[in-house]
There are 2 protein chains.
Amino acid sequence: MNNPFRPDKTDLEILRLLEQDGRMPHKVIAQHVHKSITPIHSRLAKLQNEGYIRRFTALLNPRKIGRGLTAYTQVILKVHSQESLENFMKQAEKINEVMECYHLTGAFDFLLRITIRDMDAYNELLLKKLSNLPEVAQMQTSFVISEAKYNTAYFYSRSDE
Amino acid sequence: MNNPFRPDKTDLEILRLLEQDGRMPHKVIAQHVHKSITPIHSRLAKLQNEGYIRRFTALLNPRKIGRGLTAYTQVILKVHSQESLENFMKQAEKINEVMECYHLTGAFDFLLRITIRDMDAYNELLLKKLSNLPEVAQMQTSFVISEAKYNTAYFYSRSDE
DNA sequence: TCTGAAAATGAGGCGGC
DNA sequence: GCCGCCTCATTTTCAGA
């Protein structure tokens, strides 16, 4: 009954390998962890059921698909009521160019990661959408000059180019 | 010879589907785009060769694997020479907890995304590694209270929970 | 470039240890 | 909880239009 699942070393190694290559065959994983395919299969099912793996995905190259400009925008709200916070988050989520939105401690309230084609497109986004968000008191935007590191793998530090 | 590859609508749809599910079978993709399996296979090979797909990966749940705390740290350097910038980037890349590092326009120089177990672990990281980076003049850190949106898919806005 | 089909490889299920 | 075998699904290659 009360048997909380805790991944062992083999489970963590499976996660590490799948972070490196989400399509690695079970056979290859099995060789790495010195087991047969069957336990890989059952462990993987368990890891997914327990929510260790959010999803499998293909990471694309934003430059190639017209999203070459990345902006980080700091937002300060006028009012910090629950309603105001929730409204802002709801609006931000709906904007496709906003890839990430975090509520933060510190000098400002929210940090947005925005990816978009170019500065002209950003200008349009700013005029048509961002500047119309009613909860916002101040916004300050910085643009990414270069990406020194971008890594989604917790168990394996790898800088994708 | 000079025949630059430009993805057509079918290619973009394949990318969109693989962003949603990096393990979607070619057969299922084929049904979505009303083609047979063979062209899916060859188009996918081309998209990978041309660098449209960076890689396939499993996105993990950071809370489950002891990386429940996320920090965004703004860094200002003392000196802005090429050497100083490059040294800082090299050092930042080497720190496993630094998942992303960007050189930015604006009021500060770099933005770091740091994921780590908890505040005690952050304290240790700060004392042992971050505060020893010689190029740094100022650092200001904000911690993530909540993640309103986290999306890696450019063609399909989806907020992962 | 596509369709259709064959060959090779991988995934998922079952009994036994 | 693991192994080996079996069956089914998927991937990859190939002939032809």
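Residues numbered from 1 in each chain as written. Chains lettered and ligands numbered in written order. Predicted model: local features only at pLDDT ≥ 70, side-chain atom pairs only at ≥ 80, totals over all residues. Heavy atoms only, no water.

- Looking at an unreviewed UniProt entry, chain A carries the name Lrp/AsnC family transcriptional regulator, with the source organism given as Mucilaginibacter conchicola.

## Comments concerning the protein's contact with DNA strand C
Thought 1: Near DNA strand C, the surroundings consist of Pro-25, His-26, Lys-27, Thr-38 and His-41 of chain A together with Lys-35, Ser-36, Thr-38, Pro-39 and Arg-43 of chain B.
Thought 2: In the interface set of DNA strand C, defined as its atoms within 4 Å of the protein, sugar plus phosphate atoms amount to 70%.
Thought 3: Between DNA strand C and the protein, one listed contact pairs a phosphate oxygen with a side-chain N or O atom of Ser-36 of chain B at 2.6 Å.
Thought 4: When contributions to the surface near DNA strand C are tallied by element, the ones reaching two or more residues are helix H2 (26-33) and helix H3 (37-49) of chain A together with helix H3 (37-49) of chain B.
Thought 5: The dominant element in the surface near DNA strand C, judged by the number of residues it contributes, is H3 of chain B, at 3 residues. (Near = heavy atom within 4 Å. Polar contact = N/O pair within 3.5 Å; in protein donor to acceptor, adjacent residues only side chain to side chain. Helix = DSSP H or I, 4+ residues; strand = E, 2+ residues; numbered from the N terminus.)

## Section: the protein's contact with DNA strand D
Thought 1: Contacts to DNA strand D come from Lys-35, Ser-36, Thr-38, Pro-39 and Arg-43 of chain A together with Pro-25, His-26, Lys-27, Ile-37, Thr-38 and His-41 of chain B.
Thought 2: Looking at DNA strand D alone, sugar and phosphate atoms form 63% of those within 4 Å of the protein.
Thought 3: At 2.7 Å from a phosphate oxygen of DNA strand D is found a main-chain nitrogen or oxygen belonging to Ser-36 of chain A.
Thought 4: Take His-41 of chain B: an N or O atom from its side chain is 3.4 Å from a phosphate oxygen of DNA strand D.
Thought 5: For the surface near DNA strand D, the elements supplying multiple residues, two or more each, are H3 of chain A together with helix H2 (26-33) and H3 of chain B.
Thought 6: Residue composition of the surface near DNA strand D, by class: 3 nonpolar, 5 polar and 3 charged. (Nonpolar A, V, L, I, M, F, W, Y, C, P; charged D, E, K, R; others polar.)

## Brief notes about the pattern of salt bridges
Thought 1: Tallied over the full model, the rule gives 16 salt bridges over all chains.
Thought 2: Between Glu-13 of chain A and Arg-16 of chain A there is a salt bridge whose closest N-O contact spans 3.0 Å. Of this pair, Glu-13 of chain A and Arg-16 of chain A both sit in helix H1 (residues 9-20), separated by 3 residues, roughly a single helical turn.
Thought 3: For Glu-13 of chain A, a relative accessible area of 24% puts it in the partly exposed group.
Thought 4: Of the charged contacts in the structure, one is a salt bridge between Arg-113 of chain A and Glu-100 of chain B, with a shortest N-O distance of 3.9 Å. Of this pair, Arg-113 of chain A sits in strand E4 (residues 110-116) while Glu-100 of chain B sits in strand E3 (residues 98-104), each in a different chain. When sorted by exposure, Arg-113 of chain A lands in the same class as Glu-100 of chain B, which is buried.
Thought 5: A single salt-bridge network, built from bridges that share partners, covers Glu-100 and Arg-113 of chain A together with Glu-100 and Arg-113 of chain B. (Salt bridge = Lys/Arg side-chain N within 4 Å of Asp/Glu carboxyl O. Buried < 20%, exposed > 50% of the residue type's maximum accessible area, 1.4 Å probe, protein only.)

## Considering the sheet that holds strand E5 (residues 136-150) of chain A
Thought 1: Strand order in the closed barrel formed by 8 strands is E2(A)-E4(A)-E3(A)-E5(B)-E2(B)-E4(B)-E3(B)-E5(A), with antiparallel pairing between adjacent strands. Direction aside, neighbouring strands of the sheet carry axes that sit 35° apart on average.
Thought 2: Here strand E3 (residues 98-104) of chain A runs beside strand E5 (residues 136-150) of chain B; their pairing, made up of 5 bridges, is antiparallel. Along E5 of chain B, the bridge assignment pairs Cys-101 of chain A with Lys-149 of chain B. (Pairing = 2+ DSSP bridges. Axes fitted to C-alpha atoms, helices over the stretch in contact; angles between N-to-C directions.)

## Section: the environment of Thr-73 of chain B
Residues and elements named next belong to chain B.
Thought 1: With respect to the element layout, Thr-73 can be found in strand E2 (residues 69-77).
Thought 2: Residues Thr-73 and Phe-155 lie 82 residues apart in sequence; the distance between their C-alpha atoms is 29 Å.
Thought 3: Within the structure, Thr-73 has its side chain in polar contact with the side chain of Thr-141 (distance 2.9 Å).

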